[in-house]
Amino acid sequence: MFSIDGLHENLPFSLDIQKQLLIAISTGQVNRVDHLITLGLQQNMGAKGLFLMYMEAAKGVYKPNSYTEEESNGAPSLTYLQEQSTVPPLVPSPQQPTSNKVSLNPKASVSSVPDVLQSSLMFDEIVTEKRICWDPKSNNMLGICRQHSYRTSVEFVNEDDMKELFRCLDDKEVHYVGEATIAAVGVLCKNNKIYPAQAVMASGDCKRETGEEHAVILQTVLNAKLRIRRLAEDSSIYNQLRYLTFLNLYVGDDDLTCDKDFKHIVKQLCNLVIRAHGISINGRRIMPDIITGQLKYVGLAADHLRAVFNPDDKQDVKLAYDLLWDIWSIPCTSPHSHPGFLENCEALSVLGKFAFHLIFPYLCVDLSLSEQIEHLSAAAHLSLALYKQAGKEFLPTNLYVDIHLHIKNVVFCITKAKADDPNGEFWIILLGADRLEELFGILRTMVGNDANLDMLQLVSWLAGTTEVSNILAQYPHFDQSSCRLRLPALTQESKEVPDGADHIKPGAWRGNVKVADVSLQISWKRG
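What comes next is a walk through the structure. None of these values were measured; they are calculated from a predicted model. (Residues numbered from 1 in each chain as written. Predicted model: local features only at pLDDT ≥ 70, side-chain atom pairs only at ≥ 80, totals over all residues. Heavy atoms only, no water.)

## Details of the overall build of the chain
Each helix and strand in the chain was counted, giving 19 helices and 11 strands. When contacts within the chain are restricted to residue pairs at least 6 apart in sequence, long-range pairs at least 24 apart make up 70% of them. Within the structure as shown, the chain displays about 26,500 Å² of accessible surface, and the carbon and sulfur contribution to it stands at 51%. (Helix = DSSP H or I, 4+ residues; strand = E, 2+ residues; numbered from the N terminus. Contact = heavy atoms within 4.5 Å. Areas by Shrake-Rupley, 256 points an atom, 1.4 Å probe, with all protein chains shown as cover.)

## Considerations on helix α15 (residues 369–390)
For α15, which comprises 22 residues, the first-to-last C-alpha distance of 32 Å matches the rise-based estimate of 32 Å (1.5 Å per residue) to within 8%. Taken residue by residue, α15 has L369, S370, Q372, I373, H375, L376, S377, A378, A379, A380, S383 and L386 as its buried positions. Buried positions along α15 lie against β10 (279–281), α14 (339–363), α16 (397–420) and α19 (520–526). Taken from the residues just after α15, G391 is the one with a positive phi, measuring 65 degrees. (Expected span 1.5 Å × (residues − 1). Buried < 20%, exposed > 50% of the residue type's maximum accessible area, 1.4 Å probe, protein only.)

## Some points on a positive patch on the surface
Side chains of K130, K172, K207 and R208 sit close together on the surface and give a patch of like positive charge. By secondary structure assignment, the location of K130 is in the loop between β3 (119–127) and β4 (133–135). (Patch = residues over 30% accessible without salt bridge, like charges linked within 9 Å, V, L, I, M, F, W, Y side chains within 5 Å. Salt bridge = Lys/Arg side-chain N within 4 Å of Asp/Glu carboxyl O. Lys, Arg positive; Asp, Glu negative; His and termini not counted. Charge placed at Lys NZ, Arg CZ, Asp CG, Glu CD.)

## A few points about the packing of aromatic side chains
Per the counting criterion, the structure on display carries nine aromatic pairs. Ring plane angle 40 degrees and centroid distance 5.8 Å describe the contact between W325 and W328, whose orientation is recorded as tilted. Here W325 pairs with W328, and both are found in helix α13 (residues 317–328), just three residues apart, close to one helical turn. Look at W325 and you get partly exposed, because its relative accessible area is 23%. Ring centres of F354 and F394 lie 5.9 Å apart, and the angle between their planes is 65 degrees; on these two criteria the pair is classed as edge-to-face. Placement of the pair is F354 in helix α14 and F394 in the loop between α15 and α16, with a sequence separation of 40 residues. This pair shows no difference in class: F354 is buried, exactly as F394 is. (Phe/Tyr/Trp six-rings, centres within 6.5 Å; stacked < 30°, edge-to-face > 60°.)

## A look at the side chain of D124
Residue position: D124 is located in strand β3. No salt bridge is formed by the buried D124. Its closest oppositely charged neighbour is K267, at 8.5 Å. With sequence-adjacent residues up to four places away left out, D124 is seen in contact with A180, T181, I182, L436, E437 and F440.

## Quick look at the pairing of strand β7 (residues 198–205)
Counting buried residues along β7, eight of its eight residues qualify, which places the element largely inside the surrounding structure. Two elements, strand β6 (residues 179–187) and β7, share seven bridges in a ladder whose sense is antiparallel. In the sheet register, A180 faces β7, and the bridge partner there is G204. (Pairing = 2+ DSSP bridges.)

## Re the environment of E209
Turning to its location among the elements, E209 is positioned in the loop between β7 and α8 (211–222). For the pair E209 and R146, spaced 63 residues apart in sequence, the C-alpha separation works out to 9.5 Å. Beyond its immediate stretch of four places on either side in the chain, E209 contacts R146, Q147, H214 and I217. Within polar-contact distance, the side chain of E209 engages the side chain of H214 at 3.1 Å. (Polar contact = N/O pair within 3.5 Å; in protein donor to acceptor, adjacent residues only side chain to side chain.)

## Here's the deal with the pattern of salt bridges
The tally for this structure, following the rule as stated, stands at 12 salt bridges. The partner of K163 in a salt bridge is E159, and the shortest N-O contact between them spans 3.4 Å. Pair noted here: K163 and E159 are both in helix α7 (residues 159–170), with a separation of four residues, about one helical turn. Assessed through its relative accessible area of 51%, K163 is described here as exposed. Take E159: its relative accessible area is 48%, and that puts it in the partly exposed class. Ionic pairing is found between D303 and R306, a salt bridge with its closest N-O pair at 2.0 Å. Placement of the pair is D303 and R306 together in helix α12 (residues 302–308), with a separation of three residues, close to one helical turn. Across the pair, exposure class does not vary: D303 and R306 are exposed alike.

Structure below.
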């Protein structure tokens with residue numbers, strides 16, 4: 001007879017084996033008992049087998065050697081991690097991409113995703129090393145531009161193919177890849193295992209491509225004509241959108257809409273505010289020194305103002321957010337008696353309201369989907385009034401169009417979600433190219449911040465970045481990301497939520513995002 005802290009092998013036979021197993025587990029003599037039982041069930045063990053395995057583990061005779069999912073992410077063996085990988089490698093496009101070749105990647109990337117109803121297609125470019133590499137999987141030579149690759153063979157058959165390729169490079173008949181166009185699909189759902197971006201195309205560009213040639217690449221990925229038309233009256237979403245005042249109803253085939261990345265808009269708006277030319281609001285030309293004077297008057301430190309007005313750091317999203325936060329926090333009234341000062345204060349208050357309504361829906365995790373639409377509607381109507389008043393002296397035309405394209409896309413996506421999945425949920429924070437930027441950040445971490453990737457490294461590692469992104473989404477405490485990309489999550493009272501995650505994820509959102517509870521016409525009208 002043996003005992004384990006009071007647990008005896010000769011328990012009464014009247015006590016069935018399931019109860020013996022529960023009593024054994026309750027002693028707490030074995031760590032990771034959940035994993036031990038999981039292994040036993042995978043081996044088709046019954047209650048008796050599990051009980052005997054537990055007793056052996058308690059005596060130190062048996063130790064489970066495999067890992068839980070979270071533990072495997074920190075496992076020491078590279079071979080083990082490679083065996084656990086579930087994301088297939090990306091199929092490269094050494095020449096002009098074709099629909100058949102591009103279609104292989106989305107099938108491989110999202111083949112395990114059940115009942116996908118909506119997704120976002122993202123495009124962005126990443127700088128690459130100018131180098132020719134042989135890809136053993138496809139037997140192609142990677143690193144020459146897609147525009148002119150037809151002038152030579154990219155398949156490696158013998159030494160003459162390589163010599164001819166380098167002769168063409170020397171004679172400028174073909175060119176090295178200067179940057180790669182990456183297309184990725186982002187599923188619009190809460191499931192952290194599938195919503196990170198899934199790369200579907202990597203194609204090299206020599207930076208000599210025209211707008212029309214680039215449109216062909218977009219058309220290839222979409223596998224449809226890029227034709228713009230007004231939303232058809234027989235569309236399933238027309239009746240929900242027809243009464244939204246001033247909303248642009250022009251769409252592409254299959255009701256396709258264009259989007260602009262939210263964080264890029266934030267950076268452009270900040271750069272507009274700090275430009276020397278200033279910005280015109282209510283007939284007042286608001287220059288950077290006027291804004292600085294207003295912010296000093298409300299008590300902001302000189303060091304803080306120097307940081308947020310730093311024109312050499314135009315890609316810092318957090319600094320851009322800080323400056324716009326400071327502007328919308330300026331009181332709309334002031335005890336100052338100078339008329340010019342008060343008029344500037346009033347104009348900045350209008351600018352602050354516009355920035356607040358545009359940015360707050362993406363930062364306040366307590367907002368409902370209806371409240372988010374109200375804020376974006378307010379931003380759209382306010383910018384329309386100010387642009388009609390001052391034109392491009394208020395906003396450059398391109399930025400004005402980008403803002404309205406973005407807001408329009410949000411409204412259309414919510415409307416499509418209501419039609420496709422009436423009982424589902426929708427997160428506007430999943431729109432834009434944020435998830436593709438995350439993949440680029442992971443790629444930089446893999447290759448090092450002081451070097452660029454070549455095309456072979458890019459296609460070899462791009463699928464792995466999706467897996468890393470999946471892990472970081474599932475275990476946010478693993479993520480120690482750059483503060484330059486971090487926008488803080490806010491409560492309704494504009495207080496920061498003490499969660500250190502880089503990008504706000506659907507799991508962190510606390511507001512009601514059920515599309516069934518959204519009345520589009522009422523929310524748009526309230527805005």
